[in-house]
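Listed below are the residues making up each chain.
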2 protein chains.
Amino acid sequence: MSIQFPKSEYPRVVIISCGFGGLQLAKSLNGAPFQVVMLDKNNYHTFQPLLYQVATSGLEADSIAYPIRKIFKGQKNFHFRWCEVKSLVASDNKIITNIGEVAYDYLVMATGTTTNFFGNSEFEQKAMPMKSVTEALNLRSLILQNFEKALLANTDEERQALMNFVVVGGGPTGVELAGALSELKNHVLPNDYPELDLKQMRVILVESGNELLQAFNQTNQQRAKTYLEELGAEVRLQKGVSKFDGRTIEFKDGEKLLSKNLIWGAGIKGVLIDGFDETVINPRKRLLVNDYCQINNQTNIFAIGDVACMVQPNYPNGHPQVAPVAIQMGELVAQNLIRQKEGKSLQSFNYNDKGSMATVGRNRAVVEAGKIHFGGWLGWLVWMSLHLMLLVGFRNRIVVFINWLWNYLSYDRNIRLIIRPFTPKEEN
Amino acid sequence: MSIQFPKSEYPRVVIISCGFGGLQLAKSLNGAPFQVVMLDKNNYHTFQPLLYQVATSGLEADSIAYPIRKIFKGQKNFHFRWCEVKSLVASDNKIITNIGEVAYDYLVMATGTTTNFFGNSEFEQKAMPMKSVTEALNLRSLILQNFEKALLANTDEERQALMNFVVVGGGPTGVELAGALSELKNHVLPNDYPELDLKQMRVILVESGNELLQAFNQTNQQRAKTYLEELGAEVRLQKGVSKFDGRTIEFKDGEKLLSKNLIWGAGIKGVLIDGFDETVINPRKRLLVNDYCQINNQTNIFAIGDVACMVQPNYPNGHPQVAPVAIQMGELVAQNLIRQKEGKSLQSFNYNDKGSMATVGRNRAVVEAGKIHFGGWLGWLVWMSLHLMLLVGFRNRIVVFINWLWNYLSYDRNIRLIIRPFTPKEEN
C-alpha cells in the first residue's frame, strides 16, 4: 500500500532522516520545483553534539530536540511522515516503510550513524551507547540509579563497581562525556550523597590510540588530556577493552576492573536500509558516493552526511563525520537538483572545513581552525557561542543558555531525574 | 534485611512520598531532633498542577520535576532512599520496601492519590490517566502519534476517531486539559498538519454532574464553561461514560462516539500500602485520621494530604484534595512532633483555605478566595504568578516563565516531541 501525499506536478525528493544533512537539504529546496518528502522515525531533529549534556543532567532532552513539523512550518512543498524505512527497491524507484510504500523520483539517504560495537554482542547488550535522545536519557537514569544503589551496597566491592565509570573512545564524545562526569563528581554528587565518599568515584577514559581527539592538533590533544586530568579523570591511552559481563571490564592487556558503567563511544557505523548493493557499502557501513553524492553513479539516489563516504584527494577515507560536512552536502545536493532541472551542469562537493572543537568542562575547551588553535576559557566561550547559534529554534537557544548560565554560576546540574528507570541487563 | 542509615540519637520519622505534604513536613523538621527518612519511588518531586501542560506540549517534564536530593541539600538530618514501599508491619514499627525493611519511630503516609477507574478494567486499560510525569509524557506521545496516524487514515471514520478527544471529569484537571487541547487545535496543529482539516478535531469535556468545577462559585462555574466553549470545546454535563473498547466510547445515555483518545480525569483514590486495618480506610481509599493526622488514634502513624481523610465540622467528607491542605498538614505534623518532644500538647488541624483557581486558556482563568471571585485576564495573571511562585527551584521557575512567555507571544507549544512512543492497547 502506498502512503498518500497531496498531488504535485513536481518530481518527488524523498529524504530519509532529519539530521543536519537532511534538514539542510529540505530547507534548501524551499520554493524549488520539487515535492519534498521527509521520513524519520522520530518526529524531531536531534542536536547530537549536546546529547552528553542530557546524559549528565545538564540539559533537558526537550531543549536539544526540535519538532520537524515546526522547522518546516509554512514550507508548502514539504511533507513529513513519521515512520521507519525498511528497504529500497531501486528497480521500482520506491522504498518500503513500516506504514507503506513511498515512490520517489530522487532519494536521499541522510540516515547518519549509530553506535558500532564491531560485532561484540556483550558490549552491544551491556555497554551504554549515547547516539539518540532515548539513549542519553537511559544513560542519565543509569548514572543516577547506580548512585542510589551505591547507598545500599553491602560490600565495598559492590559500591566501587557502581561508582566506577568507564568511557571507551577518546573522540570528542568520549572526552566531553568524561569531562562532564568529572564535573558531576566534583560539584554535584557530593551534595546529593553526603553519605557516600565521592573520592571513591572514578572516571576513566579509555582510548586504544596514542592520543585523545585524533583529528586535532597535537597541542590541543595534550590540552584535552591535561584538562581531563585537572578535573580528576583518569586517561588511559593505548588501552582497549575486550570483555564486559555487566560488572567486570576486562582490558586487552589483561587488567580487570569492576564497573557497572561502561559507556561506549568507541565507534560508529552508517545506518542503512536493505536493498543496497554490497559494492557500494564500505566496512563502516557508509555508502560510497561520487563527487555529487550520488551512489553508484546513479543519478537519482544520493547519500549525504555521516552515512556517505566520498573519497576525494584530501580525504582518502571520506570526510570527517561531523555536522558541517552533512550540512554542506545537503546544500550541494539541493543546488545540484535545481541546476539539473535548469539544464545546468552539476557541481562537485568541495568541503569547506571551518575547524573543530571539543569541550571538557567549565573554562576548558579546545578549538582549532586552520593553523589557529587555542583552548581554555576563550575556547570554551567560542564552543558555547557556536553551539548556541547552531541549535534549532530560538526558544531552545534561550532555554539552553539559561541552563548553561545557571550551571556555570551554581556549579550545579539540575536535571538529575530518573523519569523512566533503566533496567540494565544482569551480569552473568 | 534492613536498609542502613547513619546512626542517630534521635527518633526516626519515616515519610512515604515527597509530594507537597511530605516535602513540607521534611523541610519543617530541618534542624529538629529527629532523623528524617524520605522514601519515594521517584527521585523527584512532581509539581502536579502543571502536568496537563506537559501532556499538551507546553512545558518540559524536567521543569516541573525537581530532584528530591537537591531540595534537601545541606539538611543534615535528612536521608532519602529511592524505593517502593510495599507494606506496613505496625506491630514491629517497620515497613517493607522493595529494597529492604525500614524501622520507624514515627511513620507518615504522604502517598497522595492515583487515578480511580472505579474498578472498570476497560477504562483502566484503555483510557489515559494523567497523574504522574510518565503518564503525562505518554499522553503527549499519544496525542501527537494520533495526529501522525490521522494523516495516514484510509477512511474518514478512522480519521475522525483519531481526532476526537474526550476528557472525562469536569474538575480543574479536566477543564485545564480540555482548554489546553482546544488551544492546540486552534493555534498549533493547523500549522503542523496543513494536510488535515483541523475543524474535524473535537475536544469534548464530559462531566456527570450538573456543573463544571463543583467546588467553585456558581459564577466561576459558568465562566469556565463559557471560556471552554469560546475556545471551541464541547461541554457535556450530566453525561457519563459506560464503555470504551479503545475506539468507541459508549455513554450512559446510549450515545456512541468514535474516539481513540479517552482521557480520564474523573476520579482519584488514595495510594495505600498493605497492612492497614480496613476500618481506617474509606471508600476512596483515604486513611481516616483524627485532628492531629493520626491514624486510628495511634500516636506514631500519621497520614497527610490527599491520602488523609480528616472529618471536621466544616469538612464532613474530609478536606479538599489540594496542595494547600497537604502543605498545612505537613507543617502541623512537624510542629506537633516537636511540641510532643518538648512536652507540650498537640495542636489540632485547622485548614486555612486561601481559595481556588483553575485556568482554561490564555487570558482565561477563574479565581476565588472567600467571597471574592473573578476571571478573565486578571484571573489568568494571578493563576500564573501563584503557580510560578509555588514551583520548586529557581531554575524551574525561569524555564517555565520563559516557556509561558514564549507560548503567549507565539501562540505556540514547542515541545511536541514523541520521545518514547506510546503503545495503546488495541481495541477488541
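Predicted, not measured: the structure shown is a model, and the values here were computed from it. (Residues numbered from 1 in each chain as written. Chains lettered and ligands numbered in written order. Predicted model: local features only at pLDDT ≥ 70, side-chain atom pairs only at ≥ 80, totals over all residues.)

S.K.: Could you clarify how one ought to interpret the overall build of chain A in this entry?
M.R.: A tally of regular secondary structure across chain A gives 11 helices and 24 strands. Its C-alpha atoms give chain A a radius of gyration of 22 Å, within 12% of the compact-globule value 22 Å for 428 residues. Taken along the three principal axes of its C-alpha coordinates, chain A extends 70 × 45 × 40 Å. Pairs at least 24 apart in sequence give 65% of the contacts found in chain A among residues at least 6 apart. (Helix = DSSP H or I, 4+ residues; strand = E, 2+ residues; numbered from the N terminus. Rg over C-alpha atoms; globule rule 2.2 N^0.38 Å. Contact = placed C-beta atoms within 7 Å.)

S.K.: Can you help me understand unusual backbone geometry in this one?
M.R.: Only a minority of non-glycine residues have a phi that is not negative, and only a minority of peptide bonds are not trans. At F118 of chain A, a residue that is not glycine, the phi angle is positive and equals roughly 55°. For F118 of chain A, a count of 10 C-beta atoms within 10 Å corresponds to the exposed category. One non-glycine residue, Q238 of chain B, adopts positive backbone phi at about 50°. On the secondary structure map, Q238 of chain B appears in the loop between strand 13 (234–236) and strand 14 (241–244). Using a count of 12 C-beta atoms within 10 Å as the deciding quantity, one classes Q238 of chain B as exposed. (Buried ≥ 20, exposed ≤ 12 C-beta atoms within 10 Å, placed from the backbone.)

S.K.: Looking at this structure, how should I read the interface of chain B and chain A?
M.R.: Accessible area lost upon the coming together of the parts serves often as the stated size of an interface. Opposite the 36 residues of chain B that make contact, chain A presents 36 residues. Broken down by secondary-structure element, the contributors of at least two residues to the side of chain B that touches chain A are strand 4 (65–67), helix 3 (68–71), helix 5 (133–152), helix 7 (172–192) and helix 11 (394–410) of chain B. Of the residues belonging to the side of chain B that touches chain A, the class tally is 19 nonpolar, 6 polar and 11 charged. (Nonpolar A, V, L, I, M, F, W, Y, C, P; charged D, E, K, R; others polar.)

S.K.: Can you walk me through the pairing of strand 7 (residues 94–97) of chain B in this structure?
M.R.: When a strand is regular, its side chains alternate between the sheet's two faces. Residues and elements named next belong to chain B. Of the two faces of strand 7, the one holding I95 and T97 is buried and the one holding K94 and I96 is not buried anywhere. Across 4 bridges, strand 6 (residues 85–89) lies against strand 7 in antiparallel orientation. Bridge assignment links S87 to a residue of strand 7, and that residue is I96. The antiparallel pairing of strand 6 with strand 7 creates a hairpin that spans 4 residues between the two strands, and N93 there sits at a positive phi of about 50°. Two strands pair when backbone bridges link them, and strand 7 and strand 8 (residues 100–103) are joined in this way by 4 bridges, in the antiparallel orientation. Each bridged residue has a counterpart across the sheet, and for I95 the counterpart in strand 8 is V102. (Pairing = 2+ DSSP bridges.)

S.K.: Explain the relation of the copies chain B and chain A to me, please; I cannot follow it from the model alone.
M.R.: The relation between the two copies of this chain is a rotation about an axis and a shift parallel to it. You can overlay chain B on chain A at an RMSD of 0.0 Å; the transform is a turn of 180° with a shift of 0.0 Å along its axis. Both copies are brought into coincidence by an operation consistent with a two-fold rotation axis. Among all residues of chain B, the minimum C-alpha distance to the rotation axis is found for V399 of chain B, at 3.2 Å. When you check the interface residues of chain B against chain A, 100% turn up at the interface there too, and the contact is symmetric in its surfaces. (Least-squares fit on C-alpha atoms with pLDDT ≥ 70 in both.)

S.K.: Teacher, can you tell me more about the packing of helix 1 (residues 20–28) of chain A against helix 9 (residues 323–341) of chain A here?
M.R.: Any two packed helices are characterised by the angle at which their axes cross and by the distance between the axes. All names here are of chain A. For the pair helix 1 and helix 9, interaxial distance at closest approach is 7 Å and the crossing angle is 30°. As summarised for this structure, helix 1 and helix 9 are arranged roughly parallel, according to the angle between their axes. With respect to the hand of their crossing, helix 1 and helix 9 are arranged in right-handed fashion. Mapping the contact onto sequence places F20, G21, G22, Q24, L25 and S28 in helix 1 and A323, A326, I327, M329, G330, E331, V333, A334 and Q335 in helix 9. (Axes fitted to C-alpha atoms, helices over the stretch in contact; angles between N-to-C directions. Parallel < 35°, antiparallel > 145°, perpendicular 65-115°, else oblique. Left-handed = near helix turned anticlockwise from the far one by under 90°.)

S.K.: Teacher, can you tell me more about the packing of helix 7 of chain B against helix 8 (residues 218–230) of chain B here?
M.R.: Residues and elements named next belong to chain B. The contact between helix 7 and helix 8 brings their axes to 9 Å, and the two run at 20°. Between helix 7 and helix 8, the interaxial angle falls into the category roughly parallel. In this structure, the crossing between helix 7 and helix 8 has a hand that is left-handed. Along the contact surface, helix 7 presents V175, A178, G179 and S182, while helix 8 presents A224, Y227 and L228.

S.K.: Would you mind showing me how to read the sheet that holds strand 17 (residues 261–264) of chain B here?
M.R.: Whether parallel or antiparallel, the strands of a sheet pair through hydrogen bonds between backbone atoms. All names here are of chain B. Pairing in this open sheet of 4 strands is parallel, and the strands run 13-12-11-17 from one edge to the other. Every interior strand has two partners, whereas the edge strands, strand 13 and strand 17, have only one. Between one strand axis and the next, the sheet turns by 20° as a mean value, whatever way the strands run. Strand direction decides the pairing type here: strand 11 (residues 164–168) and strand 12 (residues 202–206), joined by 5 bridges, are parallel. Note that in strand 12 the partner of N164 across the bridge is R202.

S.K.: Can you walk me through the sheet that holds strand 6 (residues 85–89) of chain A in this structure?
M.R.: Residues and elements named next belong to chain A. The sheet built from 3 strands is open, its strands ordered 6-7-8 with antiparallel pairing. On the outer flanks of this sheet lie strand 6 and strand 8 (100–103), each paired with one strand and no other. Neighbour to neighbour, the strand axes of the sheet diverge by 25° on average, direction disregarded.

S.K.: What's the story with the pairing of strand 1 (residues 12–16) of chain A in this structure? I'm lost.
M.R.: Residues and elements named next belong to chain A. Burial analysis of strand 1 places 4 of its 5 residues in the buried class, which makes it a mostly covered element. Relative to strand 2 (residues 35–40), strand 1 runs parallel, the two sharing 5 bridges. Counterpart to I15 in the pairing with strand 2 is M38. Since strand 1 and strand 2 lie parallel, the crossover through helix 1 that links them has a hand, and here it is right-handed. With 4 bridges connecting them, strand 1 and strand 9 (residues 106–109) associate as parallel partners. Opposite I15, over in strand 9, you have V108 as the bridge partner. (Right-handed = clockwise from strand over helix to strand, strands pointing away.)

S.K.: So what exactly am I meant to see when it comes to the environment of T173 of chain A here?
M.R.: Residue and element names in this part refer to chain A. With respect to the secondary-structure elements, T173 resides in helix 7 (residues 172–192). As for T173 and K131, which are separated by 42 residues in sequence, their C-alpha atoms are 9.7 Å apart. Setting aside chain neighbours within four positions, we find T173 in contact with Y52, M130 and G265.

S.K.: Looking at this structure, how should I read the domain arrangement of chain A?
M.R.: Each assigned domain of chain A is listed here: domain 1 (12–41 + 83–115 + 268–341) and domain 2 (121–266). Between domain 1 of chain A and domain 2 of chain A, the C-alpha centre-to-centre distance is 34 Å. (Domains from an automatic or database assignment.)

S.K.: Just to check I follow, could you spell out helix 9 (residues 323–341) of chain B for this structure?
M.R.: Owing to its 3.6 residues per turn, the α-helix brings residues three or four apart onto one side. Residue and element names in this part refer to chain B. Here helix 9 spans 27 Å end to end across 19 residues, near enough to the 27 Å set by a 1.5 Å rise per residue. All of the buried residues in helix 9 are V325, A326, I327, Q328, M329, G330, L332, V333, A334, N336 and L337. Lining the buried residues of helix 9 we find strand 1 (12–16), helix 1 (20–28), strand 9 (106–109), strand 20 (301–303) and strand 21 (308–310). Following helix 9 by one or two positions, G343 has its phi on the positive side, about 80°. (Expected span 1.5 Å × (residues − 1).)

S.K.: Whenever I open this one, helix 7 of chain A confuses me. Can you help?
M.R.: All names here are of chain A. For helix 7, built from 21 residues, the straight-helix expectation of 30 Å at 1.5 Å per residue is met to within 8% by its first-to-last C-alpha distance of 28 Å. In helix 7, a bend of some 45° at K185 exceeds every other bend along the element. Counting buried residues along helix 7, 17 of its 21 residues qualify, which places the element largely inside the surrounding structure. (Bend = angle between axes of the 7 residues up to and from the residue.)

S.K.: Just to check I follow, could you spell out the confidence of the model for chain A for this structure?
M.R.: Note that predicted coordinates carrying low pLDDT should not be read in detail. Averaged over chain A, the pLDDT score is 95; the fraction of residues at 70 or greater is 99%. Both confidence scores are given for the complex: pTM 0.95, ipTM 0.94. (pLDDT = per-residue confidence, 0-100.)

S.K.: Would you take a moment to explain the environment of A369 of chain A for this structure?
M.R.: All names here are of chain A. Tracing the chain through its elements places A369 in strand 23 (residues 364–369). Look at A369 and you get partly exposed, because 13 C-beta atoms sit within 10 Å. With 12 residues separating them along the chain, A369 and M357 place their C-alpha atoms 8.7 Å apart.

S.K.: How should the environment of L417 of chain B be read in this particular structure?
M.R.: Here L417 of chain B is to be found in the segment after helix 11. Each C-alpha atom, one on L417 of chain B and one on G361 of chain B, is 21 Å from the other, the two residues being 56 residues apart in sequence. Setting aside anything within four residues of it in sequence, one finds L417 of chain B in contact with N43, Y44, D62, A65 and P67 of chain A.

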